[in-house]
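Inside the fold
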Amino acid sequence: MDLELDNYFNDYENLEVHELMLRDRPRQQAYKKAIELNANLFKDKIVLDVGCGTGILSAFCAKAGAKLVYAVEASKLAEIALKVMEDNGLTSAVKVFHSKIEDFCLPTSIAKVDIIISEWMGFYLLHEGMLDSVLFARDNFLKPDGLMFPTECTIYVAPCSVPRRFDDWNNVDGVCLKSFSSQLRKQKSNKPEILEISSEQLLHRGAVVHWMNLMDVSRTDLDEIVFEDVLVAEKTGKHQGFCIWFECRFPSEDYEDAIILSTSPSSPITHWKQCVVVLPENACLQIDNNAPISFKMSMTRRLDDIRKYDLEFELLDPYAIEHPVPCNCYMTKCILLKTHLQNMDTH
């Protein structure tokens, strides 16, 4: 199923949406392992599950030894979450609240919680996500030394080929359908698409667009994210678009052993798949290995809907902007500078 960035995942009372997420094994297993492998962090602690949905994360926390879990869900799905706790004998440990987190109040006997857990991520991490609500919970309910699950998030971008929007239509059972594919691209050109991109279709391993620590990031930090760079193609191929994905890292006593939920094309597919921005046909190029790909990417929060972002790409002239130093591209100035730096290192 290919998705455009509409309100599909915003319909929280559409049980098909939750079925899709519950059947997402990489997502499910990342949270489960992050909780179970850190059971010592949850033992006898008080946990707040923001946007608990069916309550499965709350159940994981309770089974890991949490003293109390406050499961807060704004939609009517809270009724199902309560029944899930009853079915699993967890009502003494998990308390379900039908409420927006912004309207929620902790019991007077509880000052703050030890851990906040939430599956809040949207398309390319932020679009249609609920991070603002999680940050509200952090600022109002988390102890100063508390933990966020997940705790770090990174957005990546890479130039890519998009054969399902181009080359796949050159020969369909012996019939050329390029005219159809051209109109299809025009129809879809006004918004990014959610597609499954393979690692073989990437022309670069991916660059970090944005990294954040959920312990200190602010809402205003996320109003606009701008990234400008020159990426060097790591293979020959057709540059037909840009692929965006994200990773979330969970707390761990050993940072190197932390569980990471990745939506990378190199990782098992998730329901988020990848976000793809397809280039106009006249901007698509066959590029060589070591070719410089210069661009500017911006993610800007919409004023009329703060949970949504406008995503824009601008192709730049690689001859007109500064390259990173050293740069591995095939442009003469970069080859000369790289050689000069290497010679300096040998003397």
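Thresholds, definitions, all that
Residues numbered from 1 in each chain as written. Predicted model: local features only at pLDDT ≥ 70, side-chain atom pairs only at ≥ 80, totals over all residues. Heavy atoms only, no water. Helix = DSSP H or I, 4+ residues; strand = E, 2+ residues; numbered from the N terminus. Buried < 20%, exposed > 50% of the residue type's maximum accessible area, 1.4 Å probe, protein only. Contact = heavy atoms within 4.5 Å. Areas by Shrake-Rupley, 256 points an atom, 1.4 Å probe, with all protein chains shown as cover. Pairing = 2+ DSSP bridges. Axes fitted to C-alpha atoms, helices over the stretch in contact; angles between N-to-C directions. Domains from an automatic or database assignment. Buried area = accessible area lost by both parts, 1.4 Å probe. Salt bridge = Lys/Arg side-chain N within 4 Å of Asp/Glu carboxyl O. Core = buried A, V, L, I, M, F, W, Y, C linked by side-chain atoms within 4.5 Å.

Before going further, it helps to examine the overall build of the chain. When helices and strands are counted, the chain shows eight helices and 17 strands. The principal-axis extent of the C-alpha atoms belonging to the chain is close to 70 × 60 × 35 Å. Here the chain, with 347 residues, has 51% of them falling under the buried criterion. Pairs at least 24 residues apart make up 74% of the contacts formed inside the chain by residues separated by at least 6 positions. Surface accessibility of the chain: about 17,100 Å² in total, with carbon and sulfur atoms responsible for 50%.

Let's shift gears to the sheet that holds strand 16 (residues 292–301). With respect to topology, three strands assemble into an open sheet ordered 10-16-17, the strand pairing being antiparallel. Either end of the sheet is taken by a strand with one partner, and the two such strands are strand 10 (224–232) and strand 17 (309–315). The sheet shows a mean angle of 15° between the axes of neighbouring strands, taken without regard to direction. Note that strand 16 and strand 17 share seven bridges and pair antiparallel. Across the sheet, lysine 296 pairs through a bridge with glutamate 314, a residue of strand 17.

Below, the discussion takes up the domain arrangement of the chain. Taken domain by domain, the chain comprises domain 1 (1–149) and domain 2 (151–338). Once you take the C-alpha centre of each, domain 1 and domain 2 turn out to be 29 Å apart. Across the contact, 43 residues belong to domain 1 and 44 residues belong to domain 2. With both sides pooled, the region where domain 1 packs onto domain 2 buries about 3,800 Å², and carbon together with sulfur makes up 65% of that total. Summed over the shared surface of domain 1 and domain 2, the result is two salt bridges. A salt bridge links arginine 301 to aspartate 132, with the nearest nitrogen and oxygen atoms 2.9 Å apart.

What follows is about the nonpolar core. In this structure, Leu48, Trp120, Leu125, Leu126 and Met212 are the most contacted members of the largest nonpolar core, which totals 86 residues. Counting residues domain by domain, this core receives three or more from each of domain 1 (1–149) and domain 2 (151–338). Of all hydrophobic cores here, the second largest spans 11 residues; its members include Ala158, Cys160, Cys243 and Trp245.

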